[in-house]
Amino acid sequence: KDNKKVHHEGIAFLGRVLHDSISTQNGIFTSDIKSLLSKRDLEILKLCKKILDNKFIEPPLEEVNNGNESYYLTKINKNFIKPLSYIFSSRILSNNIIDYAFPQNNTKTKYILDVSCGDDKSILQIGKKSKLLVANDISRDIMKSLIHSAPQNIIFTNQNLLDLEYKINFDLVICKNTMHHMRSSEEIEILMKVLHKLSKKRILIMDIENPNNNLLAKMWNLYYKLFTKDHGDLFVSYHQFKEILKISFPNASNIFSKKIFTIKGNYMLGVIDL
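From a predicted model like this one, the values you see are computed outputs, not experimental measurements. (Residues numbered from 1 in each chain as written. Predicted model: local features only at pLDDT ≥ 70, side-chain atom pairs only at ≥ 80, totals over all residues. Heavy atoms only, no water.)

**A short note on the overall build of the protein chain**
Moving on, step 1. Each helix and strand counted, the protein chain has 7 helices and 7 strands in total.
Moving on, step 2. Along the chain direction, N to C, the helices and strands of the protein chain fall in the order α-α-β-α-β-α-β-β-α-β-α-α-β-β.
Moving on, step 3. Expressed as a percentage of the 274 residues in the protein chain, the buried residues total 39%.
Moving on, step 4. Nonlocal contacts in the protein chain, meaning residues at least 24 apart in sequence, comprise 66% of its contacts between residues at least 6 apart.
Moving on, step 5. Only carbon and sulfur atoms are counted for the fraction: they give 55% of the accessible area of the protein chain, which is about 17,100 Å². (Helix = DSSP H or I, 4+ residues; strand = E, 2+ residues; numbered from the N terminus. Buried < 20%, exposed > 50% of the residue type's maximum accessible area, 1.4 Å probe, protein only. Contact = heavy atoms within 4.5 Å. Areas by Shrake-Rupley, 256 points an atom, 1.4 Å probe, with all protein chains shown as cover.)

Here's what the structure looks like:
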């Protein structure tokens with residue numbers, strides 16, 4: 001706060017204030033203090049460095065705060081735009097997710113992870129058919145409506161999906177409307193590796209096809225960017241989508257993909273069985 005230097009011998013954890021641009025929060029090491037650490041602290045320091053070596057991607061902080069809309073835009077979006085898009089788009093997409101999550105009433109899908117659930121209420125239906133559902137999203141704000149109405153077998157977490165770590169592998173991992181929020185092809189590659197690592201049976205990936213190739217989809221995308229301050233513009237074509245799945249999961253027992261036509265544009269669904 002007062003730009004004062006703090007000297008500390010040992011291990012310290014540094015947190016950054018959201019949307020704060022003060023560079024002094026970065027922190028520095030001014031001297032080698034390894035010789036001053038106890039054996040136990042030295043082991044912890046080595047472990048911390050090992051973890052940090054793999055955390056080279058800055059989390060998308062712009063995605064955390066979802067309160068960017070004005071009062072009137074929020075009301076219009078909630079009472080008019082969302083109901084319209086639900087009938088002619090979101091409901092269609094959710095039904096596809098549910099159908100492929102439990103093909104032919106498959107009861108073996110017990111442990112499910114949704115890596116970026118947003119405010120999609122389909123997870124509540126999926127949760128009723130599962131033993132445990134972990135719903136993750138980097139924005140706690142966007143999940144509020146789900147949290148208040150969720151059954152007890154749904155656990156909500158707020159992590160950067162590129163850093164997801166769990167002690168179990170899931171029967172099903174769902175990743176929807178997420179790929180175009182990646183900021184580079186390298187992040188897409190990391191995303192696919194995370195999905196593969198966390199799943200032991202099936203992965204569902206859904207994203208919108210490049211909206212610039214469809215006038216109606218382009219208008220919807222413009223609305224989301226300008227009025228709801230939606231982030232993400234790394235769109236791919238259906239051909240590129242299929243290639244990404246093929247390259248990312250070379251040892252999959254089966255890869256199925258299809259297009260889904262909605263009022264908001266064409267969506268792409270990939271089903272990967274491991």
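We are not done yet, so read on.
**Points about a nonpolar patch on the surface**
Moving on, step 1. Taken together, L84, Y86, I87 and F88 make up a surface patch of nonpolar side chains, about 370 Å² in accessible area.
Moving on, step 2. Note on placement: F88 falls in helix α2 (residues 71-101). (Patch = residues over 30% accessible without salt bridge, like charges linked within 9 Å, V, L, I, M, F, W, Y side chains within 5 Å. Salt bridge = Lys/Arg side-chain N within 4 Å of Asp/Glu carboxyl O.)

**A look at the environment of D119**
Moving on, step 1. Here D119 shows up in the loop between β1 (111-114) and α3 (122-128).
Moving on, step 2. Between the C-alpha atom of D119 and that of S145, which follows or precedes it by 26 residues, the distance is 6.9 Å.

**A few points about the pattern of salt bridges**
Moving on, step 1. Taken as a whole, this structure holds 10 salt bridges when the rule is applied.
Moving on, step 2. A salt bridge links E187 to R183; the shortest N-O distance between them is 2.9 Å.
Moving on, step 3. In this structure R183 comes out as partly exposed when scored by relative accessible area, which is 40%.
Moving on, step 4. Among the salt bridges present, the one from R202 reaches D273, with a minimum N-O distance of 2.7 Å. Here the residue R202 occupies a position in strand β5 (residues 199-208), and D273 occupies one in strand β7 (residues 265-273), the gap between them amounting to 71 residues. Across this residue pair, the class does not change: R202 and D273 are buried.
Moving on, step 5. In this structure, a network of salt bridges that share partners links the residues D114, D120 and K176.

**As for the nonpolar core**
Moving on, step 1. Membership of the largest hydrophobic core comes to 28 residues, with the highest contact counts inside it found for M179, L191, M192, L195 and I205.
Moving on, step 2. Mapped by element, the contributors of at least two residues to this core are β4 (170-176), α5 (185-198), β5, α7 (238-248) and β7.
Moving on, step 3. No other element matches α5, which puts 6 residues into this core.
Moving on, step 4. Leaving out residues up to four positions away in the same chain, I205 has contacts with C175, M179, M192, L195, F241, L245, F249, M268, L269, G270 and I272.
Moving on, step 5. With 26 residues, the next largest nonpolar core counts L93, I98, M143 and F156 among its residues. (Core = buried A, V, L, I, M, F, W, Y, C linked by side-chain atoms within 4.5 Å.)

**A look at the sheet that holds β4**
Moving on, step 1. Strand order in the open sheet formed by 7 strands is β3-β2-β1-β4-β5-β7-β6, and the pairing between neighbours is mixed. Strands at the two margins of the open sheet, each flanked by one partner only, are β3 (154-157) and β6 (254-262). Adjacent strand axes in the sheet meet at a mean angle of 15° when their direction is disregarded.
Moving on, step 2. With 9 bridges connecting them, β6 and β7 associate as antiparallel partners. When the bridges of β7 are listed, F261 appears paired with N266. (Pairing = 2+ DSSP bridges. Axes fitted to C-alpha atoms, helices over the stretch in contact; angles between N-to-C directions.)

**Quick word on unusual backbone geometry**
Moving on, step 1. Residue N177 is not a glycine yet carries a positive backbone phi of 50°.
Moving on, step 2. Among the secondary structure elements, N177 is positioned in the loop between β4 and α5.

**As for the packing of aromatic side chains**
Moving on, step 1. Enumeration over the complete set of coordinates arrives at 2 aromatic pairs.
Moving on, step 2. With a centroid separation of 5.5 Å and 90° between ring planes, the pair formed by Y166 and F170 is classed as edge-to-face. (Phe/Tyr/Trp six-rings, centres within 6.5 Å; stacked < 30°, edge-to-face > 60°.)

**So, the side chain of D171**
Moving on, step 1. Along the polypeptide, D171 turns up in strand β4.
Moving on, step 2. Those residues in contact with D171 that sit more than four places away from it in its chain are K108, T109, K110, Y111, S199, K200, K201 and R202.

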